[in-house]
Amino acid sequence: DAGITQSPRHKVTETGTPVTLRCHQTENHRYMYWYRQDPGHGLRLIHYSYGVKDTDKGEVSDGYSVSRSKTEDFLLTLESATSSQTSVYFCAISGGLPYEQYFGPGTRLTVT
Amino acid sequence: GQQVMQIPQYQHVQEGEDFTTYCNSSTTLSNIQWYKQRPGGHPVFLIQLVKSGEVKKQKRLTFQFGEAKKNSSLHITATQTTDVGTYFCPARVSSGNTGKLIFGQGTTLQVKP
């Protein structure tokens, strides 16, 4: 497996609290992605990064922000968590062409 | 937007039976990738197809890319319980070199021993 970790692996938080999820890679890959996975929806892209400090929105970015100050770290922040953000969050990395993605183990977030 | 439809959404087979899942796009794809996600796990890259009519095999798995590069299939011969999981064929977003993939719901395979 590619050198990619996510922290925390599990988190329970209350509605209205801020939450930050971390993705860390040791592959020096340029591209990083955050997805959420919910039953019936498959994987949906939240935000992605194509370099340090270069990020853009995905399909479901409302309520989420990201930051990438170093190649190896990509942070996903829920400014004020809501119950609809209860999900499994996956980080993925890619080194460029042909753009195959390698996924982290996921973070299970529950917002009560 | 760019999207790949995958069918069936669910499939239950008896161990030893064959299984096929299909991906169809309304637009021509530059390439197609396949991923497998085991229950409770994360998606794992299986293969990429690039050429029109391309066929690749990985043991009991056969991947095909259509001649028009608008469809693809994954065929598993003689399924085993280890094949259980969800198979995805995301479409790569063609605008810009970002490697963005659009995943659908995938096909979830259950194998009865």
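Reading the values: rules and limits
Residues numbered from 1 in each chain as written. Chains lettered and ligands numbered in written order. Predicted model: local features only at pLDDT ≥ 70, side-chain atom pairs only at ≥ 80, totals over all residues. Heavy atoms only, no water. Helix = DSSP H or I, 4+ residues; strand = E, 2+ residues; numbered from the N terminus. Rg over C-alpha atoms; globule rule 2.2 N^0.38 Å. Buried < 20%, exposed > 50% of the residue type's maximum accessible area, 1.4 Å probe, protein only. Contact = heavy atoms within 4.5 Å. Areas by Shrake-Rupley, 256 points an atom, 1.4 Å probe, with all protein chains shown as cover. Lys, Arg positive; Asp, Glu negative; His and termini not counted. Charge placed at Lys NZ, Arg CZ, Asp CG, Glu CD. Phe/Tyr/Trp six-rings, centres within 6.5 Å; stacked < 30°, edge-to-face > 60°. Pairing = 2+ DSSP bridges. Axes fitted to C-alpha atoms, helices over the stretch in contact; angles between N-to-C directions. 1 Å grid on protein atoms, 1.4 Å probe; cavity = no way out; pocket = protein on both sides within 12 Å on 5 of 7 lines; lining within 4 Å. Points joined across faces, edges and corners; volume = space filled by probe spheres on them. Nonpolar A, V, L, I, M, F, W, Y, C, P; charged D, E, K, R; others polar.

(A) The arrangement of the overall build of chain B in detail. Each helix and strand counted, chain B has zero helices and twelve strands in total. Starting at the N terminus and walking to the C terminus, you meet the elements of chain B as β-β-β-β-β-β-β-β-β-β-β-β. Compactness check: chain B gives a C-alpha radius of gyration of 14 Å against a globular reference of 13 Å for 113 residues, within 12% of the reference. With 113 residues in all, chain B has 49% of them scored as buried. Once local pairs closer than 6 in sequence are excluded, the contacts in chain B between residues at least 24 apart make up 53%. Total accessible area on chain B is roughly 5500 Å²; 50% of this is exposed by carbon and sulfur atoms. One way to put it: in chain B the 12 positive side-chain charges average out to a point 10 Å from where the 6 negative ones average out.

(B) Quick look at the packing of aromatic side chains. All names here are of chain B. Scanning all chains against the criterion turns up 17 aromatic pairs over all chains. Between the aromatic rings of Trp-34 and Phe-63, the centroid separation amounts to 6.2 Å while the plane-to-plane angle is 55°, which identifies the pairing as tilted. Of this pair, Trp-34 sits in strand β4 (residues 32-37) while Phe-63 is found in strand β7 (residues 61-65), placing the two residues 29 residues apart along the sequence. Relative accessible area serves as the criterion here: at 0%, Trp-34 is assigned to the buried category. For Phe-63, a relative accessible area of 0% corresponds to the buried category.

(C) Broad picture of the sheet that holds strand β1 (residues 4-7) of chain B. All names here are of chain B. One open sheet accounts for five strands, arranged β1-β3-β8-β7-β6; its pairing is antiparallel. Each of the sheet's edge strands pairs with one partner strand only, and the pair in question is β1 and β6 (55-58). Pairwise comparison of adjacent strand axes, ignoring direction, gives a mean angle of 15° for this sheet. The pairing of strand β3 (residues 19-25) with strand β8 (residues 71-76) spans six bridges and is antiparallel. Each residue of the ladder has a partner; that of Tyr-22, found in β8, is Ser-73.

(D) Quick look at the layout of surface pockets. Size it by volume and the largest pocket reaches roughly 670 Å³. Every residue lining the largest pocket is counted, 31 residues in all, and those nearest its centre are Gln37(A), Asp38(A), Pro39(A), Gln37(B) and Gly40(B). Breaking the lining of the largest pocket down by element, the ones donating at least two residues are β4 (31-38), β9 (87-94) and β11 (107-111) of chain A together with β9 (85-88) and β12 (107-112) of chain B. For the lining of the largest pocket, the per-class residue count stands at nine nonpolar, 18 polar and four charged. Size it by volume and the second largest pocket reaches roughly 300 Å³. Considering the residues around the second largest pocket, the lining is formed by 14 residues, among which Lys36(B), Arg38(B), Leu46(B), Thr82(B) and Asp83(B) are closest to the centre. Broken down by secondary-structure element, the contributors of at least two residues to the lining of the second largest pocket are β4 and β5 (43-49) of chain B. Taken together, the residues that form the lining of the second largest pocket break down as four nonpolar, five polar and five charged.

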